[in-house]
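# Descriptive structure summary
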Number of protein chains: 2
Amino acid sequence: MKRNVYLNMKPVAQAREIFLQAFDWVALAGTEQVPTADSLGRFTAGPVFADFSSPAYHCAAMDGYAVKASDTYGASDERPRLLGLGDQARPVNTGNPLPPGADAVIMVEQVHLPPEGQAIEIRQAAFPWQHVRKVGEDIVSQEMLLPHHHVMRPADVAALMQAGVFRLEVLQRPRVTVIPTGSELIDWRDAENTQPRPGSIIETNSLFISGMVSQAGAQASVTERRPDEYELIKDAVTQAVESDAHMVILNAGASAGTKDYTVHVIKKLGEVLVHGIQAMPGKPTILGRVRGKPVIGSPGYPVSAWVCLEQFVIPALSLMQGQAPSEPETVQAVPARPLASRLGQEEFIRVHLGRVGPNIVATPLKRGAGAITSLTRADGVIRIPANSDGAPQGEPVIAELLKPAEAVERTLVIVGSHDVTLDILADHIKAMDSRIGVSSSHVGSLAGLMAIREGRCHLGGTHLLDEDTGDYNIGYIKKYLPGTPVRLVTLALRSQGLIVKPGNPKGIRDFGDLARDGVVMVNRQGGSGTRVLLDYHLRRLGIDPAGIAGYDNEEYTHMGVAVHVLSGGADVGLGVMSAARALNLDFVPLMEERYDLCIPEALMDDHRIRVLLAVLATDRFKQAVEALGGYDVAPMGRIHALPEMD
Amino acid sequence: MKRNVYLNMKPVAQAREIFLQAFDWVALAGTEQVPTADSLGRFTAGPVFADFSSPAYHCAAMDGYAVKASDTYGASDERPRLLGLGDQARPVNTGNPLPPGADAVIMVEQVHLPPEGQAIEIRQAAFPWQHVRKVGEDIVSQEMLLPHHHVMRPADVAALMQAGVFRLEVLQRPRVTVIPTGSELIDWRDAENTQPRPGSIIETNSLFISGMVSQAGAQASVTERRPDEYELIKDAVTQAVESDAHMVILNAGASAGTKDYTVHVIKKLGEVLVHGIQAMPGKPTILGRVRGKPVIGSPGYPVSAWVCLEQFVIPALSLMQGQAPSEPETVQAVPARPLASRLGQEEFIRVHLGRVGPNIVATPLKRGAGAITSLTRADGVIRIPANSDGAPQGEPVIAELLKPAEAVERTLVIVGSHDVTLDILADHIKAMDSRIGVSSSHVGSLAGLMAIREGRCHLGGTHLLDEDTGDYNIGYIKKYLPGTPVRLVTLALRSQGLIVKPGNPKGIRDFGDLARDGVVMVNRQGGSGTRVLLDYHLRRLGIDPAGIAGYDNEEYTHMGVAVHVLSGGADVGLGVMSAARALNLDFVPLMEERYDLCIPEALMDDHRIRVLLAVLATDRFKQAVEALGGYDVAPMGRIHALPEMD
């Protein structure tokens, strides 16, 4: 039943080779002459030779007196010598030309001026060419100063100017025209300050694409948006390839839908080199050529577009600037979870990366091609080859870095329960030491304890109610972390309760109301502290979960629960007050619970943990947490006694 | 006798601490609001929270049909099910909002359309929320998206726009005013196409400084040049600190000369924090504060200015952008020569770096603070601490990288005789493989062979005449490289002769003329092939070097010799025709000699050497060498039989 609408999908590597081989990129770019003074960041078109020598004449390298060295021979402390001013010794400042006959300079600090003022006294001989910068000492006329395709740095600019090279032949900056297409798009300028209506999408891909392209050294220009109409898109492409643009990128419409015209337009005007790549995300990528220029159909989902840009557009822009495409820095990383992948397509999995003990741990982010935050939050990318069905947990794989390797080394890895205060905490940690990054994965309290046990994180947030003792977390730590000494540090007490619609139209007051007819709930995932709390109270009240509408609908964060209530997907969910407040929802407080940070004993001296603990002690952080509402910060930073464990 | 005119010179590290502690840099920068669409590369002023959720509504993640999942339960290949179009199944494209009641999407590829057209046929059940992007799946309203002082990347811009954050509070871009001072300076615009007259200096430091500053993320503006007059400089500084500039840099006039007013001006208008640093180059650095703004007196020599910028200005600009000053990447490197340094000052030695076998070899470049090419050619910097008198040859030291580490790994290290064709060769190697850099040190043929023996280079150029056999190089290799199997590959035959002034005014015809009264020569350094050649012929002719004027005046390159003749420092020098031609000098050819490349056998399979050998085989390179004049390229690439050695 399943049909492949792409005629001939190509593996990423093959598609890249086809595309990069299809053009003479440097010739496509062409050259131009610019004032050397304006050439910073440009690439030389050919080797550059000096026009002048530098220095252009023998000159003083110091402030002092120009002399003939042979006049000074024999001078010593015992036999000081006088040199006649204006005759044997002439004052020079640094950079002054050496007067005729002089071949050395004596520094002003080494000269005594007798009161008569007609001579200088020296007590040391000068050697020939002492403190003299000779003609051509730095640059010799006609020598090669820079090779071709060399990027101009500040010192290169200055050196060429010193060598009399005032105009420079450079490669043209690549010019890229971006054409946004799609009838559903609205301009962000029109969307400002109003939530987009269902069916309309704020067009931000053109900003994303032109940003990527300009960071790769090109000039991007974005055309007006085109609706999904074949003729209009064809006209836009025709206009773009007839302009001075070197490359054209159409955004969206590259897929196989009924309104996806890109492939037809390129086929009509030129040729399609690649239609579809065996990649996830990124599949609906089109690579084509029209009138000798590359025309690219980039997918509409931002992460798909990112794959298309990273794999094809950016390497091409490098080649247009005479540079080999850069290879990403890589590290060996250990997946914190199994990374399943579909056979037959290469998968680009965005991951958090952070060093925990001997390993760099890779925690996968959201998979969806639409999840732009999986790019903003990613530290790296793990590529699962097309012939693999995934990478198992714990076995090292290669991760391509999106951040410097040292940033990964300095990242604090938090895995566990989600709380809004963790984001605030991360920001305050960065304020205290800007080098520390925080990567936070929300998997629930229990999964966080497991991550600590397996050395996959530095700490986790946890709020697991111990049904026997009524205390929090300690019982679970005894049970699940018997061999891992940890400290338990309280972040805050927080108010748990029912998040309901404004005005609480269904009159929901307590757990019992969840089972009422006509009430739909949204739940948290198993293993989360909030779920444990819910299940405990349902059991206590003898309520059967099977009778609760929406019990199986799980979200992974408090905010996810709140959004679900706000959007009408549910009437109620259990969560923290701050989430309700953030979205102007109503909140029925039910109980106060303790939210702790669980930190391995062995890490208590780690610099990042010390900074974290220092932040917990600041008034500024306490105030920021209190301002969220629903938190009691009095016990913040308290360390709990844990029973002896071995 | 020596007097220290600086009141209180500071070690670099201490000066840096004083300066960086003296300002609240982020507060100095201040914040401003910009459209998020224009925020690429800017730094967030505070944490950024989402205004909308994204998606803002449940929407289709695929092209297909929106359905209610429960309507599809039970469908299978055996029991296909029909869903009424427009009622149970509604067509949706990717991104469309889910119609009311629908909670799943079936992909268009998995649907069969019966000819009647009133229904779709499915053979598989849909699960709830299948192919649906739920409200807030990517971004939840009010969640923290970015921390403070985060640099905006393309994905960040797009994410904030999706989250309804259309305007963004960012740190202001640092604004730096550069004031060039010095009466001897001429504007490069006035210098274009004319060699500067003695005494005038083309002002390029302002370009260098503003280039450095703008690459560090700041906006530089350069004022008019000011002559060395106290009042004019004071006015310029006053004007600059009263403008909206965050920082002011005066260039030159920071030294202790009679016309160096910077320190007096800063003292008058504000306070001097540091006057003079214990650094070489960079000593005459002044760090001050005027009306709460940093005012810096930067030294006039380009490499000194570079030290001042790298150590003080760039770190300050990082702090103004909320970033910790970046620490340079370092490698362990082995000095190819002893690096002497004066006690009491930290020395910044610019070096070539390249991996040769197990070591990264550091070959020092020109030491002079005026040698801007020591920056353009440098791969790294070795810092010799103030309490050390240097680093011995062969013992590993730390080098700070100016290039990526992988570029150092790919550099071809050539040490030996100088020939103009080596520069052309380097350029052609880069043309064949843009990843290969070439670092070339000119130490003479014999020193090159020593470098090969000691594993300090990949190859060397050599043209050492064997007086016994009349052959080139082989006898020397037998003598000096007995345990190092090498290959000898001819680059070219080249014409050696006498470089003389245009018209040969002294009528110089052969070696015998060098000893004539009134003839002054310029020589090459000992160990160079050209020097060996000269000394051989002088001995043969029974001429005593002591009787030759200028015999002790040594230059390290052919071009250096030619420049010396051109500038009138000598009448004649022995060298190659291409050097004479480049400067329009006359040339008296005396003999043809063989210039070979000596390459260790073990490296013949190294990729870089293979590329080099491939270049020797190209017509393009042969033609480029022939065009220089004085070269016979017929034997280029020929490999010479070497006697058995062990």
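Criteria and thresholds
- Residues numbered from 1 in each chain as written.
- Chains lettered and ligands numbered in written order.
- Predicted model: local features only at pLDDT ≥ 70, side-chain atom pairs only at ≥ 80, totals over all residues.
- Heavy atoms only, no water.
- Least-squares fit on C-alpha atoms with pLDDT ≥ 70 in both.
- Axes fitted to C-alpha atoms, helices over the stretch in contact; angles between N-to-C directions.
- Helix = DSSP H or I, 4+ residues; strand = E, 2+ residues; numbered from the N terminus.
- Left-handed = near helix turned anticlockwise from the far one by under 90°.
- Contact = heavy atoms within 4.5 Å.
- Nonpolar A, V, L, I, M, F, W, Y, C, P; charged D, E, K, R; others polar.
- Pairing = 2+ DSSP bridges.
- Phe/Tyr/Trp six-rings, centres within 6.5 Å; stacked < 30°, edge-to-face > 60°.
- Lys NZ or Arg CZ within 6 Å of the ring centre and 35° of its normal.
- Buried < 20%, exposed > 50% of the residue type's maximum accessible area, 1.4 Å probe, protein only.

## So, the relation of the copies chain A and chain B
Superposition of the two copies of the chain requires a rotation about an axis and a shift along the axis. When chain A is fitted onto chain B, the two copies agree to an RMSD of 0.1 Å after a turn of 180 degrees and an axial shift of 0.0 Å. What the superposition gives is, in effect, a two-fold axis relating one chain to the other. Minimal C-alpha separation from the rotation axis in chain A is found for Pro404(A), amounting to 6.1 Å.

## Here's the deal with the packing of helix α1 (residues 12-21) of chain B against helix α8 (residues 302-320) of chain B
Any two packed helices are characterised by the angle at which their axes cross and by the distance between the axes. Residues and elements named next belong to chain B. In the contact formed by α1 and α8, the axes pass within 10 Å of each other and the chain directions differ by 35 degrees. The handedness of the crossing between α1 and α8 is right-handed. Each of Val12, Ala15, Arg16, Phe19 and Leu20 in α1 lies in contact with α8, whose residues at this interface are Glu310, Gln311, Phe312, Pro315, Ala316 and Leu319. Of the residues that constitute the contact of α1 with α8, the class distribution is eight nonpolar, one polar and two charged.

## Observations concerning the sheet that holds strand β19 (residues 286-290) of chain A
Residues and elements named next belong to chain A. One open sheet accounts for six strands, arranged β15-β12-β16-β20-β19-β17; its pairing is mixed. The outermost strands of the open sheet, each flanked by one partner alone, are β15 (219-222) and β17 (271-275). Across this sheet, the average inter-strand angle for adjacent strands is 20 degrees, counted without regard to direction. Sheet topology places strand β12 (residues 175-180) next to strand β16 (residues 247-251); five bridges connect them, and they run parallel. The residue bridging Val178 from the neighbouring strand is Ile249, located in β16.

## Here we look at the packing of aromatic side chains
As enumerated under the stated definition, the model contains 15 aromatic pairs over all chains in all. Seen in terms of ring centroids, Phe23(B) and Trp25(B) are 4.7 Å apart; in terms of plane orientation they differ by 45 degrees. Their pairing is tilted. Three or more aromatic residues joined by ring pairs make a cluster, and in this case those are Phe19(A), Phe23(A), Trp25(A) and Phe312(A). Its end group placed over the ring of Trp129(A), Lys134(A) keeps NZ or CZ at 5.2 Å from the ring centre. Above the face of the Phe23(B) ring, Arg289(B) is positioned so that its terminal group lies 5.5 Å from the ring centre.

## Let's talk about the side chain of Glu555(A)
By secondary structure assignment, the location of Glu555(A) is in strand β33 (residues 554-555). Note on Glu555(A): relative accessible area 15%, which makes it buried. Each residue touching Glu555(A), except ones within four places of it in the same chain, is listed here: Val522(A), Asn523(A), Arg524(A), Gln525(A), Gly560(A), Val561(A), His564(A) and Lys134(B).

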